[in-house]
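Survey of secondary and tertiary structure
Here is what each chain is made of, one letter per residue.
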Amino acid sequence: MYDAGSWFIGVSGHYIKGKNVQTNIGLATITPTKVVTTGGVRLLDRTLILSAQWASYGPNNDVPANYIRSTGYDLVNLYLTYNATRDIVISASIDNLLNQYYRPYAIPGSSTDGTSQNDVLWSSPGPGRVYKAGMKIHFGGA
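So, here's what we can say about the structure. Not measured: the values here are computed from a predicted model.

Within the protein, the secondary structure is distributed over one helix and nine strands. For the protein, the succession of helices and strands along the chain, N to C, is β-β-β-β-β-β-β-β-α-β. Taking all 142 residues of the protein together, the buried fraction comes to 22%. Pairs at least 24 residues apart make up 54% of the contacts formed inside the protein by residues separated by at least 6 positions. Within the structure as shown, the protein displays about 9400 Å² of accessible surface, and the carbon and sulfur contribution to it stands at 59%.

Before going further, it helps to examine a nonpolar patch on the surface. Together, Tyr2, Trp7, Ile9, Val41, Leu43, Leu44, Leu50, Tyr82, Ile90, Met135, Ile137 and Phe139 give the surface a local cluster of nonpolar side chains, amounting to about 1200 Å² of exposed area. Looking at the nonpolar patch, the elements with two or more residues in it are strand S2 (7–14), strand S3 (34–43) and strand S9 (130–137). You can see Leu44 is positioned in the loop between S3 and strand S4 (48–57). Relative accessible area serves as the criterion here: at 56%, Leu44 is assigned to the exposed category.

Under the counting rule described, the total for this entry stands at three salt bridges. Between Asp3 and Arg42 there is a salt bridge, with its nearest N and O atoms 3.0 Å apart. Pair noted here: Asp3 is in strand S1 (residues 2–3) and Arg42 is in strand S3, with a separation of 39 residues, a long-range link. Between Lys132 and Asp95 there is a salt bridge, and its shortest N-O distance comes to 3.0 Å. With Lys132 in strand S9 and Asp95 in strand S7 (residues 88–95), the pair connects residues that are 37 residues apart, well separated along the chain. By relative accessible area, which is 46% here, Lys132 ends up partly exposed.

What counts, and at which threshold
- Residues numbered from 1 in each chain as written.
- Predicted model: local features only at pLDDT ≥ 70, side-chain atom pairs only at ≥ 80, totals over all residues.
- Heavy atoms only, no water.
- Helix = DSSP H or I, 4+ residues; strand = E, 2+ residues; numbered from the N terminus.
- Buried < 20%, exposed > 50% of the residue type's maximum accessible area, 1.4 Å probe, protein only.
- Contact = heavy atoms within 4.5 Å.
- Areas by Shrake-Rupley, 256 points an atom, 1.4 Å probe, with all protein chains shown as cover.
- Patch = residues over 30% accessible without salt bridge, like charges linked within 9 Å, V, L, I, M, F, W, Y side chains within 5 Å.
- Salt bridge = Lys/Arg side-chain N within 4 Å of Asp/Glu carboxyl O.

Okay, here's the thing in structure tokens:
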């Protein structure tokens, strides 16, 4: 992370691979490889903060045969924070700006013997574009 006062930027990520040493098949529980970058500016005497985040996730294709694979995807998120006064903060964000389809984790597929599940919640895509807004007001006291 680098913070220059009126602007900032940061990069993070991880790369994890794992295999079952007996079968040489990848592990379904490995989190996806990812790179996340965040950048923003502070305007109006630092009362207005605008920032954007881009996160790129790789697919997990090396999973056991009875698993539904995770997908590779890119997410773009936008954020706004405005400190209207010392006691009033207004915030807003847009998550998944590009409305990307994604399945973040490999999940067990269905089986006839009941040893695994095919849960619609986990096999469904992530949410589409999400809008959020909020206001925080501090009343009295220190």
